[in-house]
Amino acid sequence: MRWSQTFIPTLKETPADAEIPSHQLMLRAGLVRQLMAGAYTYLPLGWRALRKVEAIVRDEMERAGAIEIHMPALTPVELFEQTGRLAAFGNVLMKFEVQRKGKRVPMALGPTHEEVVTDLVARHINSFRQLPICLYQIQTKFRNEERPRFGVLRTSEFIMKDAYSFGTSLEQLDAVYQKMYRAYCRVFSRCGLEYLPVEAESGPIGGDASHEFMIPAANGEDDVVRSSGGLYAANLERAETGRTPPTITTPATAAALATVATPGATSIEQVSRILKIEPSQLIKTLIYSADDKPVAVLIRGDHEANENKIRRALGAKSIKLADPATIEAVTGAPVGFAGPVGIKCPIIADHDVVVIANAVTGANQADAHHTNVNIGRDYEVTTSHDLRNALSGDPSPRGDGTLEVVHGIEVGHVFKLGTKYSVALKAEFTDEKEQRHPMIMGCYGIGVNRILAGLAETRHDAGGLCWPLAIAPYEVVLVPINVAEAECKEAAESLYAAFQNAGIDVLLDDRDQRPGVKFKDADLVGFPLRVVVGGKSLKEGLVELKWRHLAEATKVPLVGLVETVLKELAQRRAEEAANVPAAV
RNA sequence: CGGGGUGUGGCUCAGCUUGGUAGAGCGCUUGGUUCGGGACCAAGAGGUCGCAGGUUCAAAUCCUGUCACCCCGACCA
């Protein structure tokens, strides 16, 4: 392709409403343009890079035994009713009605395709002999994000690779899951991403039934923890801490329980300011409704409660913060003044709460807090639990050093679904003994656009983007110094033809621009290899090769250049492939 | 949905406080000189100042409403 014949609107200045690097650079490099909040057009370069990501995803899916199909984005709302997800999605589901034969027909744009694929399989697959099977597609998904943001990182319309496996047993599910997990590792490393598989919240099956693939990045929306020894990584929603349960005894330094006036102070911040104490001296008393029974959950004032951990510790199906009426019933006080002393419901406490001596808590009466609250004397718990979010510096649950909390961009998710959808939509198979069973499912998603955005976010410098060879819009940019000079122009044209004949993925910057402009643009877009023709070098029979990721250029003879470039590309390709885990 | 911010040529922004005929740089067009890291000279084109209403002799500027976009939070199978 010739630069003059395509559409690459690069920008010198950073657009005002782009804040994070990937957004700024993808706009400036002419990869994308915004249509409205959460909706972007992919311009020629962006689309080309995106198609390369898709090709890698397809390749690895096929290698892992998944079969490509294509389902409609248009979905009957009825299917979501059958699985209960109409309510679960709420406003996120884009639904609308169309007129057909005078009737209103409700439809939705698919946010994901568990329902559609399960319905398909339910209708056409019946026997254990046809299983396991894994179907996938690469398709545009729609989610009405309440707040699209971060450029192309979080949009209301995005391209997703979604795969769904169906099997007869947990063993079959495990086997597909492992294959997909490995395929994902290969996809992300082939794309040149530094990625981190983390344990994620896993729903009904539990255990290691869900992993997310994260790109560590300062602007990532998710928080993940990883251990210094590298043995443990998990989403913060899920992450355990390796804290050892302390022995519970009343502190020897316990002072006399007192009540202090704290008018209107219902938050940790307000109370600590009024009483001039550190939040870590406070005990937060959160009243939860666990399967409709009230429970008081004690968390240190400067810590954050983790509802998944609380739910598991209580063995409850679902928990939510109690409503004001329940809180008043168990505390006898308005919301904001709950404390463990004399509370009329069961109490559970985090490990870090039971060791606080002379703590401050709500007094279970309006506008008052207790000071010098001590365990065993003023309130009673017999064991403590891991109930809070992990923090940097916590011990790893695997015993390999300490945890660190980092931000991450979620680019993939593998999940053991179990039978939730197969039961709801009657996707059943007949076994050898003519017994009917619901199929056991898994689902596996990749955010295709996020791979691109993630690369832009993590691979750039002051000059612009820096694509890996595997994803770059073009692998090589061929830059004639001066197209107005016949000798230079002819040399570039004949090289361009030779590159194309050799199958090199090349863009010829044939614009009549000064060299500085072309170099700046080449750096901004981030083509991996730049070949410069012209000037004194050309007269000496040399051209310049410059890799985007290296500081120095090299001069090589014009004679035999195609072979030289092919060799350099092959070498670079091998370097990039060195980190890709072997396929099994 | 709560809080904050911004809307002025394609892009970045000034002008608004204190109302008085819309500006700069970049980009674009034409001609010329240039040509190894975002050139220079000259001449041009391009804007209902987000939209609607109000105040006023007069509104980009003041007031009211509204829309869009960005950021923080809530939310996110």
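Our structure is the block above this text.
Residues numbered from 1 in each chain as written. Chains lettered and ligands numbered in written order. Predicted model: local features only at pLDDT ≥ 70, side-chain atom pairs only at ≥ 80, totals over all residues. Heavy atoms only, no water.

**Q** Teacher, can you tell me more about the pattern of salt bridges here?
**A** Two side chains carrying opposite charge are able to pair once their charged atoms lie near each other. Overall, the coordinates contain 43 salt bridges when judged by the stated rule. Notably, a salt bridge pairs Glu-493 with Arg-2, separated by 2.9 Å at the nearest N-O pair. Within this pair, whereas Glu-493 is found in helix H12 (residues 486-501), its partner Arg-2 is found in the segment before helix H1 (21-28), the two being separated by 491 residues in sequence. Owing to a relative accessible area of 26%, Arg-2 belongs among the partly exposed residues under this scheme. Salt bridges here are not isolated pairs; linked through shared partners, they connect Arg-243, Lys-309, Asp-350, Asp-352, Asp-386, Arg-388 and Asp-394. (Salt bridge = Lys/Arg side-chain N within 4 Å of Asp/Glu carboxyl O. Helix = DSSP H or I, 4+ residues; strand = E, 2+ residues; numbered from the N terminus. Buried < 20%, exposed > 50% of the residue type's maximum accessible area, 1.4 Å probe, protein only.)

**Q** Looking at this structure, I do not really get the nonpolar core. What am I missing?
**A** Among soluble globular proteins, nonpolar side chains are generally buried collectively. If you look at the biggest cluster of nonpolar residues, it comprises 67 residues, and the most contacted ones within it are Met-180 and Ile-451. With 9 residues, the single largest contributor to this core is helix H6 (residues 170-190). Counting contributing residues, this core receives three or more from each of domain 1 (11-240 + 405-456) and domain 3 (474-577). Residues Leu-478, Ala-491, Ile-504 and Leu-538 belong to the second largest nonpolar core, which totals 24 residues. (Core = buried A, V, L, I, M, F, W, Y, C linked by side-chain atoms within 4.5 Å. Domains from an automatic or database assignment.)

**Q** What am I meant to see in the packing of aromatic side chains here?
**A** When we look at a pair of aromatic rings, we describe it by the centre distance and by the angle of the planes. Enumeration according to the criterion identifies 9 aromatic pairs in this entry. Between Trp-3 and Phe-527, the ring centres sit 6.1 Å apart and the planes meet at 70°, which makes this aromatic pair edge-to-face. Taken as a pair, Trp-3 in the segment before H1 and Phe-527 in the loop between helix H13 (515-525) and strand S29 (529-533) lie far apart in primary sequence, 524 residues in all. When sorted by exposure, Trp-3 lands in the same class as Phe-527, which is buried. Taking the centre distance of 5.9 Å and the plane angle of 90° together, the rings of Tyr-184 and Phe-188 count as edge-to-face. Linking Tyr-184 with Phe-188, this pair stays in helix H6, spanning 4 residues, or about one helical turn. For the residue pair Tyr-184 and Phe-188, the accessibility class agrees, reading buried in each case. Here the aromatic residues Tyr-181, Tyr-184, Phe-188, Tyr-195 and Phe-213 are joined through ring pairs into a cluster of three or more. Sitting over the ring of Phe-519, Arg-530 keeps its end group 4.4 Å from the ring centre. (Phe/Tyr/Trp six-rings, centres within 6.5 Å; stacked < 30°, edge-to-face > 60°. Lys NZ or Arg CZ within 6 Å of the ring centre and 35° of its normal.)

**Q** Quick question: what am I supposed to make of the protein's contact with RNA strand B here?
**A** Taken together, 39 residues form the shell around RNA strand B, and within it Ala-16, Arg-147, Arg-154, Asp-523 and Glu-544 come nearest. Taking the atoms of RNA strand B that fall within 4 Å of the protein, sugar and phosphate contribute 42% of them. Glu-13 is positioned such that a nitrogen or oxygen atom in its side chain is 3.2 Å from a base nitrogen of RNA strand B. One of the side-chain N or O atoms of Arg-85 is found 3.5 Å from a sugar or linking oxygen in RNA strand B. Every element with two or more residues in the surface near RNA strand B is listed here: strand S1 (32-36), helix H4 (85-89), H13, S29 and helix H14 (535-539). Residue contributions to the surface near RNA strand B peak at 7 residues, all from H13. Counted by class, the surface near RNA strand B contains 14 nonpolar, 8 polar and 17 charged residues. (Near = heavy atom within 4 Å. Polar contact = N/O pair within 3.5 Å; in protein donor to acceptor, adjacent residues only side chain to side chain. Nonpolar A, V, L, I, M, F, W, Y, C, P; charged D, E, K, R; others polar.)

**Q** Looking at this structure, I do not really get the sheet that holds strand S13 (residues 258-261). What am I missing?
**A** Either a parallel or an antiparallel arrangement is found when strands of a sheet pair, and the pairing is made through backbone hydrogen bonds. Strand order in this open sheet of 3 strands is S13-S19-S18, and the pairing throughout is antiparallel. The strands lining the two open edges of the sheet, one partner per strand, are S13 and strand S18 (359-362). Taking the axes of each pair of neighbouring strands and ignoring which way they run, one obtains an average angle of 30° across the sheet. Sheet topology places S18 next to strand S19 (residues 368-373); 3 bridges connect them, and they run antiparallel. Within S19, the residue paired with Thr-361 across the bridge is His-370. (Pairing = 2+ DSSP bridges. Axes fitted to C-alpha atoms, helices over the stretch in contact; angles between N-to-C directions.)

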